[in-house]
Amino acid sequence: SKRFGDVVVDAVDLTFRARTAPYVLRRGTMRAGDELVWDQRHILQSGTYTGTYTVGGTTHEVDGWIGQRDHSWGVRDHGRCPLWIWFQIQLEDGFLGVWHWELENGARVYTDGCWAGTDGSDPIPVVDFRHGTDWIGTYGQNGDDVTGLAGDCTFTLADGRVIVVSAEGTFARPYEPFHRGGLNLMRVRTDDGREGTAIYEVTGARHHRYFPDTTVPGDLPT
């Protein structure tokens, strides 16, 4: 059996079919003094899933669910990264994806991502990203009072377009007790009226906005 959140799935038989070109993020590196905390690359791609999954002996059809696939290569000491944000936003005509790291004080370490359309055109890189999301509830030490995430974020693309995305959703896959934060299942709306769904991952060790009260062993990048 495979476990997804709180659902135990007896069997999965799914096929992914790409609906956009893939996008490979540039390599990112982060250190705490001489210690390597993060050194990796990542790939993103949007597509559709078809097939079946079985829960409790009942088989359910999956008929063209829109989603994404991704993969990382490299080193990451999850518990010592102050903050990373990974947003995957699925719209009818394509997807927005971003990977973004910050220090505890909010200083930016790394941003990369793209807009990729379903017309098969080359992805357009994200050249700036501003996040304005907040927990629904107070995170505290372990996120026990958090029920979701909400707010706006702004993507600036290499072709000059600026896309503002408003979102609200449920804190669905906490990473506690090993790491802070986790995955959120989101409904999204862009400033030009497009609607869709998203996965918002907000995680890390300690950050002035998302994790101001956590206790972290070891030195963090500064």
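Rules used throughout
- Residues numbered from 1 in each chain as written.
- Predicted model: local features only at pLDDT ≥ 70, side-chain atom pairs only at ≥ 80, totals over all residues.
- Heavy atoms only, no water.
- Helix = DSSP H or I, 4+ residues; strand = E, 2+ residues; numbered from the N terminus.
- Rg over C-alpha atoms; globule rule 2.2 N^0.38 Å.
- Buried < 20%, exposed > 50% of the residue type's maximum accessible area, 1.4 Å probe, protein only.
- Contact = heavy atoms within 4.5 Å.
- Disulfide = S-S within 2.5 Å.
- Pairing = 2+ DSSP bridges.
- Axes fitted to C-alpha atoms, helices over the stretch in contact; angles between N-to-C directions.
- Phe/Tyr/Trp six-rings, centres within 6.5 Å; stacked < 30°, edge-to-face > 60°.
- Lys NZ or Arg CZ within 6 Å of the ring centre and 35° of its normal.
- pLDDT = per-residue confidence, 0-100.
- Core = buried A, V, L, I, M, F, W, Y, C linked by side-chain atoms within 4.5 Å.
- Salt bridge = Lys/Arg side-chain N within 4 Å of Asp/Glu carboxyl O.

**As for the overall build of the chain**
Along the backbone of the chain there are zero helices and 14 strands. Taking 2.2 N^0.38 as the reference for a compact globule, 222 residues should give roughly 17 Å; the C-alpha atoms of the chain span a radius of gyration of 18 Å, in line with that estimate. Projected onto its principal axes, the C-alpha coordinates of the chain cover approximately 50 × 45 × 30 Å. Across the 222 residues that make up the chain, the buried fraction comes to 44%. The contacts of the chain with a sequence gap of at least 6 include a subset with a gap of at least 24, amounting to 53%.

**Remarks on the state of the cysteines**
Evaluated as defined, the whole model comprises zero disulfides. Distance from the sulfur of Cys81, which forms no disulfide, to the nearest cysteine sulfur (Cys153) is 18 Å. No disulfide involves Cys153; its sulfur sits 14 Å from that of Cys114, the nearest cysteine.

**Brief notes about the pairing of strand E6 (residues 58–76)**
Direction of pairing for strand E5 (residues 35–55) relative to E6: antiparallel, over a ladder of 18 bridges. Each residue of the ladder has a partner; that of Thr48, found in E6, is Ile66. Two successive antiparallel strands, E5 and E6, enclose a turn made up of two residues, where Gly56 displays a positive phi of approximately 60°.

**Details of the sheet that holds strand E12 (residues 162–174)**
Read around the barrel, eight strands follow the order E7-E8-E9-E10-E11-E12-E13-E14 and close on themselves; strand pairing throughout is antiparallel. Each neighbouring strand pair of the sheet contributes to a mean axis angle of 25°, computed without reference to strand direction. Of the strand pairs in this sheet, strand E8 (residues 94–102) and strand E9 (residues 108–117) are connected by nine bridges, and their pairing is antiparallel. When the bridges of E9 are listed, Trp99 appears paired with Asp112.

**Focus: the packing of aromatic side chains**
Applying the stated criterion to the full structure yields 15 aromatic pairs. Each ring, one from Phe129 and one from Phe155, has its centre 5.2 Å from the other, and the planes form 55°; the classification is tilted. Linking Phe129 in strand E10 (residues 124–136) with Phe155 in strand E11 (residues 148–157), this pair joins segments that are 26 residues apart in sequence. For the pair formed by Phe129 and Phe155, the shared burial category is buried. The rings of Trp38, Trp84, Trp99, Trp101 and Tyr110 are connected pair by pair, giving a single aromatic cluster. Over the ring of Trp115 we find Arg194, and its NZ or CZ is 5.3 Å from the ring centre.

**Some remarks on the confidence of the model for the chain**
Put simply, the chain has an average pLDDT of 93, and 97% of its residues get 70 or more. Throughout residues 1–5 the model reports pLDDT below 50, and contacts reaching past four residues in sequence, or to other chains, amount to ten contacts.

**Some points on the nonpolar core**
Within the largest apolar cluster, 28 residues are counted, with the highest numbers of intra-cluster contacts made by Ile89, Trp135, Phe155, Val165, Val188, Tyr200 and Val202. Broken down by secondary-structure element, the contributors of at least two residues to this core are strand E7 (83–91), E8, E10, E11, E12, strand E13 (180–190) and strand E14 (195–204). It is E7 that provides the largest number of residues to this core, a total of five residues. Core analysis: the second largest hydrophobic core is formed by 14 residues, Trp38, Trp84, Trp86 and Cys114 among them.

**A few points about the pairing of E10**
As paired strands, E9 and E10 are joined by two bridges and run antiparallel to one another. Among the inter-strand pairings, Cys114 is bridged to a residue of E10, identified as Pro125. Where E10 meets E11, ten bridges bridge the pair, whose relative direction is antiparallel. The partner of Gly132 across the bridge, within E11, is Asp152.

**Quick look at the pattern of salt bridges**
Under the criterion given, the structure shown has 13 salt bridges. When the shortest N-O distance is used, the salt bridge between Asp128 and Arg130 registers 3.1 Å. Close ionic contact of Asp192 with Arg194 constitutes a salt bridge, the shortest N to O distance being 3.1 Å.

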